[in-house]
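Below, each chain spelled out in residue letters.
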Amino acid sequence: MIEIFNLQKVYNSKIVLDIPSLHIKRGEVAGLVGNNGQGKSTLLKLILDLIKPSKGQAFLNRKNVREYEGWKEFTGSYLDESYLISYLKVEEYFDFIAFLNEVDNQTLKIRLSL
């Protein structure tokens, strides 16, 4: 279940996302439709706690994503490569990819030294 309450994101005093209330129940399917720059990616980043909201809260299965990390165990997403590259430092990106592929730190260090 996804619940949003008064979720807002502001950049440079411009409100780019403002959702008073949204409830998507378990088993329901929802789609985001809109032109570029309409807030679709911003909404997903807020729900996944990748960016901090200016105001409001997002919940996954009644767990506040800003206060509880257990929701990550039952949530999956696909982030396009360009977003990950701009969001993470180089070392963090390699650590993330290594983690996804179950590559231990020692093996990662060896592979990066080649």
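What you are looking at is a predicted structure, and each value in this text was computed from that prediction instead of being measured.

Rules of the game
- By convention here, each chain's residues receive numbers from 1 onward along its written sequence.
- Given that the model is predicted, a residue must reach a pLDDT of at least 70 before its local features are reported, and side-chain atom pairs must reach 80 or more before they are shown or counted; all residues, however, enter totals for whole chains, interfaces and linings.
- With hydrogens and water excluded, all non-hydrogen atoms of the structure serve as input to the side-chain values.
- The helix count covers DSSP runs of H or I at least four residues long, the strand count covers runs of E at least two residues long, and both are numbered beginning at the N terminus.
- To get the radius of gyration, use the C-alpha atoms; to get the globule rule, take the number of residues to the power 0.38 and multiply by 2.2 Å.
- Type-normalised accessible area, obtained with a 1.4 Å probe on protein chains alone, sets the label of each residue: buried when under 20%, exposed when over 50%, and partly exposed for intermediate values.
- The contact definition used throughout considers only heavy atoms, calling two residues in contact when any of these lie within 4.5 Å.
- Accessible surface is estimated by sampling points in the Shrake-Rupley manner with a 1.4 Å probe; for residues, cover comes only from the protein chains shown.
- Positive residues here are Lys and Arg, negative ones are Asp and Glu, while His and the chain termini are left out of the count.
- One atom stands in for each charge, and that atom is NZ of Lys, CZ of Arg, CG of Asp or CD of Glu.
- One confidence number per residue, pLDDT, is output by the predictor and ranges from 0 to 100.
- Put simply, buried Ala, Val, Leu, Ile, Met, Phe, Trp, Tyr and Cys residues joined by side-chain atoms within 4.5 Å make one nonpolar core.
- For two strands to be treated as a pair, DSSP must find at least two bridges joining them.
- With axes taken as lines fitted to C-alpha atoms, and helix axes fitted only over the stretch in contact, angles between N-to-C directions fall between 0 and 180 degrees.
- Here a Phe, Tyr or Trp ring, Trp counted by its six-membered ring, pairs with any other such ring whose centre lies within 6.5 Å, and the pair is stacked when the planes are under 30 degrees apart, edge-to-face when over 60, and tilted otherwise.

Some details on the overall build of the protein chain
The secondary structure content of the protein chain amounts to four helices and four strands. Listed by position from the N terminus, the elements making up the protein chain come as β-β-α-β-β-α-α-α. Over its C-alpha atoms the protein chain spans a radius of gyration of 17 Å, topping by over 25% the 13 Å that the globule rule assigns to 114 residues. In terms of principal-axis extent, the alpha carbons of the protein chain reach across some 50 × 35 × 25 Å. Across the 114 residues in the protein chain, those meeting the buried criterion constitute 26%. Here the contacts in the protein chain between residues at least 6 apart in sequence split such that 44% fall between residues at least 24 apart. Carbon and sulfur atoms form 51% of the exposed surface of the protein chain, whose accessible area is close to 8800 Å². Charge centroids of the protein chain, computed over 15 positive and 14 negative side chains, lie 7 Å from each other.

Brief notes about the confidence of the model for the protein chain
Low pLDDT means the predicted atomic positions in that stretch should not be read closely. For the protein chain, per-residue confidence averages 86 on the pLDDT scale, and residues scoring 70 or more make up 90% of the total. Averaged pLDDT values over the elements of the protein chain bottom out at 61 in helix α2 (residues 81-87) and peak at 95 in strand β1 (residues 2-11).

Overview of the nonpolar core
The biggest cluster of nonpolar side chains holds 14 residues, and the ones touching the most others in it are I4, L7, L17 and L43. Within the residue set of this core, elements represented by two or more residues are β1, β2 (14-24), α1 (40-47) and β3 (55-60). Among the elements that make up this core, the one with the highest residue count is α1 (three residues).

Thoughts on the sheet that holds β2
Sheet architecture is open: four strands sit in the order β2-β1-β3-β4, paired in antiparallel fashion. Whereas interior strands pair on both sides, the edge strands pair on one side only; in this sheet they are β2 and β4 (63-64). Alignment of β1 against β3, held across five bridges, turns out to be antiparallel. Note that in β3 the partner of I2 across the bridge is L60. Of the strands in this sheet, β1, β2 and β3 touch α1, which is tilted by about 120° from β1.

Comments concerning the packing of aromatic side chains
In total, this model carries one aromatic pair according to the counting rule given. Between F5 and F59, the aromatic rings sit 5.7 Å apart at their centres with planes inclined by 80°, giving edge-to-face as the arrangement. Of this pair, F5 sits in strand β1 while F59 sits in strand β3, and the two are 54 residues apart along the sequence. Relative accessible area serves as the criterion here: at 31%, F5 is assigned to the partly exposed category.

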